[in-house]
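Remarks on the overall topology
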Amino acid sequence: MHPIRVILWTVAMAYTGFLLTGQGLRTFNRLSITEALLGALTGFLLAIMFTLREKRRRRPALVAYSVEQIFPNWGIPGENRDPHPKPKR
């Protein structure tokens, strides 16, 4: 995990939580601390989520090849490969 991303998200969301209390630095009480801790927890979880998303996008898809590439002659019998078959009489 990228430590810079974790630190930035955690600090930014803790500060946002502190600002959302609307009390300022003069009335630094239990509510301000609680909101800052909840913001820090949210920021930490967002950092983990974005890191996992980035890793998931970097790895190849579950099915990297089409069925036609894996089985090129699958379902086509050898004698009926003519694109314009002759009608039977």
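This section reports on the structure supplied with the text.

Reading guide: rules and limits
- Residues numbered from 1 in each chain as written.
- Predicted model: local features only at pLDDT ≥ 70, side-chain atom pairs only at ≥ 80, totals over all residues.
- Heavy atoms only, no water.
- Patch = residues over 30% accessible without salt bridge, like charges linked within 9 Å, V, L, I, M, F, W, Y side chains within 5 Å.
- Areas by Shrake-Rupley, 256 points an atom, 1.4 Å probe, with all protein chains shown as cover.
- Salt bridge = Lys/Arg side-chain N within 4 Å of Asp/Glu carboxyl O.
- Lys, Arg positive; Asp, Glu negative; His and termini not counted.
- Charge placed at Lys NZ, Arg CZ, Asp CG, Glu CD.
- Helix = DSSP H or I, 4+ residues; strand = E, 2+ residues; numbered from the N terminus.
- Axes fitted to C-alpha atoms, helices over the stretch in contact; angles between N-to-C directions.
- Left-handed = near helix turned anticlockwise from the far one by under 90°.
- Nonpolar A, V, L, I, M, F, W, Y, C, P; charged D, E, K, R; others polar.

In this section: a positive patch on the surface. Together, Arg53, Arg56, Arg57 and Arg59 make up a positively charged patch on the protein surface. Tracing the chain through its elements places Arg56 in helix H2 (residues 30-58).

Across the interface, helix H1 (residues 3-20) lies against H2 with an axial gap of 6 Å and an inter-helix angle of 145°. For the element pair H1 and H2, the recorded crossing hand is right-handed. Of the residues contributing to the contact of H1 with H2, the split by class is 11 nonpolar, 7 polar and 3 charged.

By themselves, these are just geometric observations and shouldn't be taken as functional.
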